[in-house]
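Observations on chain architecture
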Amino acid sequence: MMPIRRPFGRGPAVSLFTLGTMRAIGSAEQMYGVVKAAQAAGINHIETSPAYGPAESFLGTALRQLHQNQAEPSGGWVITSKLLPGLSLKEGQCELHNLLARLGRPKLENLAVHGLNRPEHLEWALRGDGAALLRWAEEEDLVVQVGFTSHGSSPLIKEALASGRFQFCSLHLHLLDPERIPLAREALASGMGVMAISPADKGGRLQDPSPTLVEDCSPLSPLQLAYRFLLAAKISTLSLGAAQPEDLTLAAQLANADGPLNQREQRALNQLRQQGERRLGENRCGQCKACLPCPKSVPIPDLLRLRNLAVGHNLQAFAEERYNLIGRAGHWWEGIDGSACERCGKCLPRCPHHLPIPDLLADTHQRLAAAPRRRLWG
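Remember, predicted model here, so these are calculated numbers, not experimental data. (Residues numbered from 1 in each chain as written. Predicted model: local features only at pLDDT ≥ 70, side-chain atom pairs only at ≥ 80, totals over all residues. Heavy atoms only, no water.)

**Structural notes on the overall build of the chain**
Selection rule: Helix and strand labels come from DSSP, where a helix needs a run of H or I of at least four residues and a strand needs a run of E of at least two; each type is numbered from the N terminus. Exposure classes here rest on a 1.4 Å probe applied to the protein chains alone. A residue is buried below 20% of its type maximum, exposed above 50%, and partly exposed in between. Contacts between residues were defined by any pair of non-hydrogen atoms, one from each residue, lying within 4.5 Å. Only the protein chains shown count as cover for residues, and all accessible areas are computed by the Shrake-Rupley method using a 1.4 Å probe. Under this rule, positive means Lys or Arg and negative means Asp or Glu; His and the chain ends count for nothing. The atoms used to mark charge sites are NZ of Lys, CZ of Arg, CG of Asp and CD of Glu.
Scanning the chain for helices and strands turns up 14 helices and 10 strands. Viewed in the frame of its principal axes, the chain has a C-alpha envelope of about 60 × 50 × 40 Å. For the chain, the residues scored as buried account for 52% of the 378 residues in total. Within the chain, residue pairs in contact and separated by at least 24 positions form 75% of the contacts whose partners lie at least 6 positions apart. About 16100 Å² of surface is accessible on the chain, with carbon and sulfur atoms providing 50% of the total. Separation of charge centres in the chain, based on 41 positive and 36 negative side chains, amounts to 3 Å.

This is the structure we're talking about:
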């Protein structure tokens, strides 16, 4: 059966899963094996970036070899690459020419602003050198369409979507963090393509779940439930960062799984929610954000979301990893942790659930603060 493909902005349609290349950078041989497995799994969309070290060079070599071996998806590959915001027009032009050369392609189907995370990044893309760069790339027929990836706030993403400048976006959309699902629906309704960024790893390290989470999602695996949750929500495509061919097994099994949730899947979702709520009890943060703004700029809901995961589903390792990146990942993640809370109490009357927020922030910091870890890239 021909794998299902969904519209992706005004570019070519894409498979339900997208191969992310940031994990297959050990060697050209590793990249070739992963891309070949992606083709066999029904994937036609690959996302990469100059920021992923040698990924583009390895990918270009793999694509040439696969072409020679006539191992390509029907209609050919759809490639997305990205440029970091802040480049001058000349720098961006040079970088785009270089990445096309590394990939061995005359043009790119999708070019994204890589990390539209702050207001100045959106300003660059809409009115600064970024606007001139994106316009030049289109006029020179070097790209089919332009979009953005974002780790930024929901209001910033909403502003980017409303600008009308972009034809696709890549957002953090996760089973255990569905905050941006309404933004994804808004983008889809406007005709944009939407890709979920790392729904497995960034979604809770679901490829290596806690025994508690496995039990909560039973009889489905956490990974399968997460993928089906997003596919049933009609997200265009889900990014999957494979390091080895075996990482694509489930994607192959779900290559045509685009229908609504069935009763078994819906029961598993309800069970997952109920079990988390039971363990958290009255201290569960509902992520309404009524507590904000904090005078010390503590990102209260984001920190308490990590506590929800650690206590509610025993995702201690994942929550520690994310908490530990605070202040160490630039504009890609939060800059202030729970230790900055001075117990001023201004958040307390705002919380509709009357949570003891300062106590919960202190508990979060005590639970999750650990030794620093290195980011995967950058």
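**Points about the sheet that holds strand β8 (residues 168-171)**
Sheet strands associate in pairs through backbone hydrogen bonding, adopting either a parallel or an antiparallel arrangement. Quick note on the threshold: Paired strands, in this sense, are two strands between which DSSP finds at least two bridges. Structural elements are reduced to axes, namely lines fitted to C-alpha atoms, with helices fitted over the stretch in contact, and the angle between N-to-C directions of any two is expressed from 0 to 180 degrees.
The strand order β3-β4-β5-β6-β7-β8-β9-β10 describes a closed barrel built from 8 strands, whose pairing is parallel. The mean angle between the axes of side-by-side strands here comes to 30 degrees, regardless of whether they run parallel or antiparallel. The pairing of strand β3 (residues 17-20) with strand β10 (residues 237-241) spans 4 bridges and is classified as parallel. Paired with Phe17 across the two strands is Leu238, which belongs to β10.

**Things to note about the nonpolar core**
Applicable threshold: We call a set of buried residues a nonpolar core when its members are Ala, Val, Leu, Ile, Met, Phe, Trp, Tyr or Cys and they connect through side-chain atoms within 4.5 Å of each other.
Grouped together as the largest cluster of nonpolar side chains are 88 residues, with contacts concentrated most on Phe17, Val35, Leu96, Phe148 and Phe166. Ignoring anything within four residues of it in the chain, the contact list for Phe148 reads Ala112, Val113, Leu116, Ile157, Ala160, Leu161, Phe166, Phe168, Cys169, Ser170, Leu171 and Met192. In this structure, Leu303, Leu306, Leu325 and Leu368 belong to the second largest nonpolar core, which totals 23 residues.

**As for the packing of helix α11 (residues 263-280) against helix α12 (residues 300-313)**
In plain terms, the rule: An angle below 35 degrees is treated as roughly parallel, one above 145 as roughly antiparallel, one from 65 to 115 as roughly perpendicular, and anything else as oblique.
For the pair α11 and α12, the least separation of the axes is 8 Å and the interaxial angle reads 95 degrees. Classified by the interaxial angle, the pair formed by α11 and α12 is roughly perpendicular. Together, Leu272, Gln275, Gly276, Arg279 and Leu280 of α11 and Arg307, Asn308, Val311, Gly312 and His313 of α12 make up the contact between the two elements.

**Some details on the pairing of strand β9 (residues 193-196)**
Filter applied, for reference: Every crossover in which the path from the first strand over the helix to the second runs clockwise, viewed with the strands pointing away from the viewer, is termed right-handed.
Residues of β9 alternate between two faces, with Gly193 and Met195 on one and Val194 and Ala196 on the opposite face, all of them buried. Sheet topology places β8 next to β9; 4 bridges connect them, and they run parallel. In the strand pairing of β9, Leu171 is matched with Ala196. Assessed by its sense of winding, the connection that carries the chain from β8 through helix α7 (residues 181-189) to β9 is right-handed. As judged from the 2 bridges shared by β9 and β10, these two strands associate in the parallel manner. Counted as the bridge partner of Ala196 is Leu238 from β10.

**A closer look at the environment of Ala131**
Mapped onto the elements, Ala131 comes out in helix α5 (residues 129-139). Judged by its relative accessible area of 9%, Ala131 falls in the buried class. Between the C-alpha atoms of Ala131 and Gln207, which are 76 residues apart in sequence, the distance is 38 Å. Contacts of Ala131, omitting those with residues within four sequence positions, involve Trp124, Ala125 and Leu126.

**Structural notes on the packing of aromatic side chains**
Note the threshold: Aromatic pairs are defined between Phe, Tyr and Trp rings, using the six-membered ring for Trp, whenever the two ring centres lie within 6.5 Å; interplanar angles under 30 degrees are classed as stacked, those over 60 as edge-to-face, and all others as tilted.
Applying the stated criterion to the full structure yields 3 aromatic pairs. For the ring pair Phe8 and Phe168, a centre distance of 5.3 Å and an interplane angle of 35 degrees mean the geometry is tilted. Placement of Phe8 in strand β1 (residues 5-8) and of Phe168 in strand β8 is noted, with a sequence separation of 160 residues between them. Neither Phe8 nor Phe168 differs from the other in exposure class; each is buried. Plain terms: the ring middles of Phe17 and Tyr227 are 5.0 Å apart, the flat faces sit at 70 degrees to each other, and that makes the pair edge-to-face. In this pair, Phe17 is assigned in strand β3 and Tyr227 in helix α9 (residues 222-232), connecting sequence segments 210 residues apart. Taking the relative accessible area as the measure of exposure, Phe17 reaches 2% and is therefore buried. Judged by relative accessible area, Tyr227 falls into the buried class, the value being 3%.

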